[in-house]
Amino acid sequence: MADAGISKMAFRTHKGHYEYVIMSFGLYNVLSTFQATMNDLFQPFIHKFVLVFFDDILVYSHNFDEHLDFLNKVLHTLQQGEFYLKLPKCAFG
C-alpha cells in the first residue's frame, strides 16, 4: 500500500488506533486492484505459463524441468515486485 493511503485506511477499536500497511481483501475494489497489479507484474508470462485469477497464481508447463524453470521465474518476479507468499496457502507440484 502506498504511504499516502495508510492514514486513509486507519481504524480505531477499544484497544487503540490501527493502520493497514498492506491492502486488506475486505476493502472495496481491492480484488480488481490486485488483479490489475498481478497482470502488470506478470505481463510477459501471462498465457505463456502463468494465469492469475483473483488471488491465485497458476503456473503450468509441459514437464517437470520446465515447470521448475517457470516457477523460479514467477517467484523471482514476485520477489522483485516486493510481494510475499504465505507458504501454508501454496500448493506446488
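Preceding block: the structure.
For clarity, every value in this text was computed on a predicted model and none was experimentally measured.

Caption draft 1: Highlighting the side chain of Thr77. Among the secondary structure elements, Thr77 is positioned in helix 3 (residues 64–80). Residue contacts for Thr77: discarding those within four places in its chain leaves Leu41, Phe42 and Phe45.

Caption draft 2: Quick look at the pattern of salt bridges. For the structure shown, the criterion picks out one salt bridge. The salt bridge partner of Lys73 is Asp69, with a shortest N-O separation of 3.6 Å. Pair noted here: Lys73 and Asp69 are both in helix 3, with a separation of four residues, about one helical turn. Overall, the relative accessible area of 35% leaves Lys73 in the partly exposed class.

Caption draft 3: A look at a nonpolar patch on the surface. The grouping of Leu31, Phe53 and Phe54 at the surface amounts to a nonpolar patch, some 300 Å² of accessible area in total. Within the element layout of this structure, Phe53 appears in strand 3 (residues 50–53). Taking relative accessible area as the criterion, Phe53 reaches 55% and is therefore assigned exposed.

Caption draft 4: Region of the structure containing the environment of Thr37. By secondary structure assignment, the location of Thr37 is in helix 2 (residues 30–41). Linking Thr37 and Asp55, residues 18 residues apart in sequence, is a C-alpha distance of 11 Å.

Caption draft 5: Expanded view of the side chain of Gln35. Within the element layout of this structure, Gln35 appears in helix 2. Residue Gln35 is classed as buried on the basis of its relative accessible area, which comes to 16%. At 3.0 Å, the side chain of Gln35 forms a polar contact with the backbone oxygen of Val52.

Caption draft 6: The arrangement of the pairing of strand 3 in detail. Of the two faces of strand 3, only one is covered, namely that formed by Val50 and Val52; the face formed by Leu51 and Phe53 stays uncovered. In this structure, strand 3 lies alongside strand 4 (residues 56–59), joined through four bridges in antiparallel fashion. Within strand 4, the residue paired with Val52 across the bridge is Ile57.

Caption draft 7: Examining unusual backbone geometry more closely. If you check the backbone angles, His47 has positive phi at about 65° while not being a glycine. In this structure, His47 sits in the loop between helix 2 and strand 3. With a phi angle near 60°, Glu82 is a residue other than glycine that sits in the positive phi range. For Glu82, the position within the fold is in the segment after helix 3. Relative accessible area serves as the criterion here: at 60%, Glu82 is assigned to the exposed category.

Parameters at a glance
Residues numbered from 1 in each chain as written. Predicted model: local features only at pLDDT ≥ 70, side-chain atom pairs only at ≥ 80, totals over all residues. Heavy atoms only, no water. Helix = DSSP H or I, 4+ residues; strand = E, 2+ residues; numbered from the N terminus. Contact = heavy atoms within 4.5 Å. Salt bridge = Lys/Arg side-chain N within 4 Å of Asp/Glu carboxyl O. Buried < 20%, exposed > 50% of the residue type's maximum accessible area, 1.4 Å probe, protein only. Patch = residues over 30% accessible without salt bridge, like charges linked within 9 Å, V, L, I, M, F, W, Y side chains within 5 Å. Areas by Shrake-Rupley, 256 points an atom, 1.4 Å probe, with all protein chains shown as cover. Polar contact = N/O pair within 3.5 Å; in protein donor to acceptor, adjacent residues only side chain to side chain. Pairing = 2+ DSSP bridges.

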